[in-house]
Every structure is written in C-alpha cells, then in structure tokens.
Amino acid sequence: MIGRLLRRCALGLLTLAGVSVLAFLLLFAVPRDPAAAMCPKNCDTARLERIREEWGLSEPVPVQYLSFASRLFTGEDGCAAPCLGRSYVTGEQVSAMLARALPVTASVVLPAAVLWVTSGVLLGTVAAARPRSAADRLIGALSLAGLALPLYLVGAVLLLILVYGTAALPQPGWTAPSDDPAQWASGLLLPWVTLGAMLAPGYTRLARAQVGDALGTDFVRTAEAKGLTGRAVVGRHALRASAGPLATLAALDVGAALGGTVITEITFGLNGLGRTVIEAVRTDDLPVVLGAVLLGAVFVIGANTIVDGLQAVIDPRLRR
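Every chain begins its residue count from 1, and numbering advances along the sequence as written. Note on the predicted model: pLDDT of at least 70 is required for a residue's local features to be given, and 80 or more for side-chain atom pairs to be given and counted; whole-chain, interface and lining totals, by contrast, use all residues. Only hydrogens and water are set aside when side-chain values are computed; all heavy atoms of the structure are taken into account.

- The name given to the protein in an unreviewed UniProt entry is Peptide/nickel transport system permease protein, with Catenuloplanes nepalensis as the source organism.
- UniProt positions are given in the numbering used here, feature names are shortened, and annotations may be inferred rather than shown by experiment. In its Subcellular location (unreviewed entry) section, UniProt records this for the protein: "Cell membrane".

### Quick notes on the side chain of Thr-105
Next up, step 1: Secondary structure is summarised from DSSP: a helix means a run of H or I of at least four residues, a strand means a run of E of at least two, and numbering begins at the N terminus for each. Checked against the element boundaries, Thr-105 lands in helix H5 (residues 94–129).
Next up, step 2: Type-normalised accessible area, obtained with a 1.4 Å probe on protein chains alone, sets the label of each residue: buried when under 20%, exposed when over 50%, and partly exposed for intermediate values. For Thr-105, a relative accessible area of 0% gives the class buried.
Next up, step 3: Polar contacts, as counted here, are pairs of nitrogen or oxygen atoms within 3.5 Å of one another; within protein the pair requires one atom able to donate a hydrogen and one able to accept it, and residues that are adjacent in sequence qualify only if both atoms are side-chain atoms. Polar contacts involving the side chain of Thr-105 include one to the side chain of Glu-265, which spans 2.8 Å.

### Side note on the packing of helix H9 (residues 218–225) against helix H10 (residues 230–241)
Pairs of packed helices are described in terms of their axes, by the angle between the two and the distance that separates them.
Next up, step 1: Interaxial distance between H9 and H10 falls to 10 Å at its minimum, and their mutual angle equals 170°. Relative to H10, H9 is oriented roughly antiparallel. In this structure, H9 uses Phe-219, Val-220, Ala-223 and Glu-224 to contact H10, whose residues at the interface are Val-233, His-237 and Ala-241.
Next up, step 2: In this count, Pro and Cys sit with the nonpolar residues alongside Ala, Val, Leu, Ile, Met, Phe, Trp and Tyr, while Asp, Glu, Lys and Arg are called charged and the others, Gly among them, polar. In terms of residue class, the contact of H9 with H10 is made up of five nonpolar, one polar and one charged. Only the stretch in contact is used when fitting a helix axis, every axis being a line fitted to C-alpha atoms; angles between N-to-C directions are given from 0 to 180 degrees. Angles are sorted into four bins: roughly parallel if under 35 degrees, roughly antiparallel if over 145, roughly perpendicular if 65 to 115, and oblique for all others. Residue contacts are defined here by distance: any two heavy atoms, one from each residue, within 4.5 Å place the two residues in contact.

### A word on unusual backbone geometry
Next up, step 1: Notably, Arg-132 is not glycine yet its phi reads approximately 60°, a positive angle.
Next up, step 2: Along the chain, Arg-132 turns up in the loop between H5 and helix H6 (134–148).
Next up, step 3: Residues other than glycine seldom take positive phi values, yet Ala-167 does so here, at roughly 55°.
Next up, step 4: Using a relative accessible area of 58% as the deciding quantity, one classes Ala-167 as exposed.

### Focus: a nonpolar patch on the surface
Next up, step 1: Together, Leu-149, Tyr-152, Leu-153, Val-157, Leu-160, Ile-161, Tyr-164, Val-262, Ile-263, Ile-266 and Ile-278 make up a nonpolar patch on the protein surface, roughly 1000 Å² of accessible area in all.
Next up, step 2: Listing elements by their share of the nonpolar patch, those giving two or more residues are helix H7 (151–165) and helix H12 (262–267).
Next up, step 3: Broken down by element, the nonpolar patch gets its largest block of residues, six residues, from H7.
Next up, step 4: Inspection of the secondary structure puts Ile-263 in helix H12.
Next up, step 5: Given a relative accessible area of 40%, Ile-263 falls into the partly exposed group. Here, patches come from residues exposed beyond 30% relative accessible area and free of salt bridges, joined within 9 Å for like charges and within 5 Å for nonpolar side chains (Val, Leu, Ile, Met, Phe, Trp, Tyr). Surface accessibility in these figures is a Shrake-Rupley result with a 1.4 Å probe; residues are shielded only by whichever protein chains are displayed. Salt bridges are counted wherever a side-chain nitrogen of Lys or Arg sits within 4 Å of a carboxyl oxygen of Asp or Glu.

Structure representation (structure tokens):
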C-alpha cells in the first residue's frame, strides 16, 4: 500500500508540473499585453517598454516560465518559497493574496461538504433500502429537481427570502473563526445550506444506485441468511461496498471547490479564491490567475491521492 501511495504522489507531482506549464502557455496565448494592464491611462510606448523590462515581460516565454518555476523553490523579494510572484495590478505578493482568500473559501467549502456528503448518502441509502416505495420516489424526485436547479438561482432566492424578506438569517459574510466563532458560523450558514443543497442530490443518486446494486449481491444475501438485521446489512455491508465511488466523488468535489466556489462567493459577497480569480481575469492579472490555478491543482491532486489511500483501506484487494 505504501508503494502505491508513493507512486501516486510521484504521479501527482508530474501532473502538477504539467498543469503549471500548460496554464503558463495558455495565459500567454491570450492576445492581451500584461504591460498595458499595469500601465495607467494615456501610457506612452517608452513607459510600456520600461514596464516590460522591469517585470521581465520582454524575455522569451520559456525564460519567463523558468524564472517563475525557480521562484517556487527559492523564493524572491523576501517571500518564502513557494513564491508565485507579484500581482501586476497591486504589486502585492500573489502568495499573500491567496493566503488571505483561502480561509474564506475553506470556511465555505469544508462545512458545506460535510452537509452535502452526509445528507446525500443518507437519503440515497434510505431510498435504496426501500426500492419503489413512496420514500424512494419522493427522494428521487427531490434529487432530480436539485440537479436541475442552478446554484446562482437557488442562492439568490434563498438570500431574498431568508435574509432580506424574513430576516431569519443574518447577512452572509466572513469573520475569522478565531475572532468570533458564533458570528463566523451565522454569517456562513446560508452559503453552507445553499452549497449543500445543490451538491447533495448527486450523492443521493449515486448512493441510491451503488447501495441498491450491493443489496442484490451474494455476500449481502449471505449476511441476511445469517440473521443480521436490515440496518446492519445496509450499514456494515452494502454501504461499505459502495464507499469507494462515493469517496472518489467527494474528493473530486471538495478538491475542485477549494480551488474557488465562484458562484457561491459572488452570490453572497465573499472574498474567497473564486472571486479573487474572477477579478484577476478581468484585470489581466496573470500571476494571480496562474497562482490560483496551481493552488486548485494542488487541492484536486492531493484529494485524489488521499482517496487512493482510503480506497486501499476500504478495499483490501487494492493493498497488493
């Protein structure tokens, strides 16, 4: 199992290097001049050239990439490695900007992930344990409706009803949990509920299918023949046999969401990674975009590596 994890870590590092090269080339393929983005209005040619020289933009693209990659390990201008350079717009270190936005995104995603995974798997398991029952049909209809509704619409409607209409919930916002845990939770309650409600239906349908299939297998029938209760058969055998696909989906969703929940952050006015990236794209702030892409790739690759380890624990066949 350790060898399998080491191979996955090595593959993850190679993938990360490939993502960095691809993202760098794609950003420089955009027909926009970063120097023009940094130059104020009525900027003359001489000023543009000085900016290009100062920021190394006049160098060939491979040289610029090598300079960027070397800073990831050596650091530069006082920032600790990995150093992602400085924003073209604000001049601030990209690593500092991402470090400021990451707690906001993590505060939204991680509690919401607990909500969407647990509720989705629970409802899917209940539906699978009672096939073709009223509960199964109701859960199926609700999950299908949840998949059909767009996140931005649900978020906006809940915001209008629960915050501006009835004042049942406070205005969404982020407070450092170390400063005021109660205000942190109350300010993020609506984003958690919205994100959880929109992502849970996918887990409901997957759990319904996986647990339903597992309940029809020989080892489950053997467990039933031994006299185990229905709850024990579902919990100990059918649900455990379905854990691999569910864990893989959860890891992919959480890893991708940690890279930035753009719609959620914009809908509720949260300054997380997603909103930072959108602003960077709008202003042609290439170092910030590239840093966010790399951070998102780290989350996705890291989540997949963790899932590989968990699957080896769940399924003994993968330990060979």
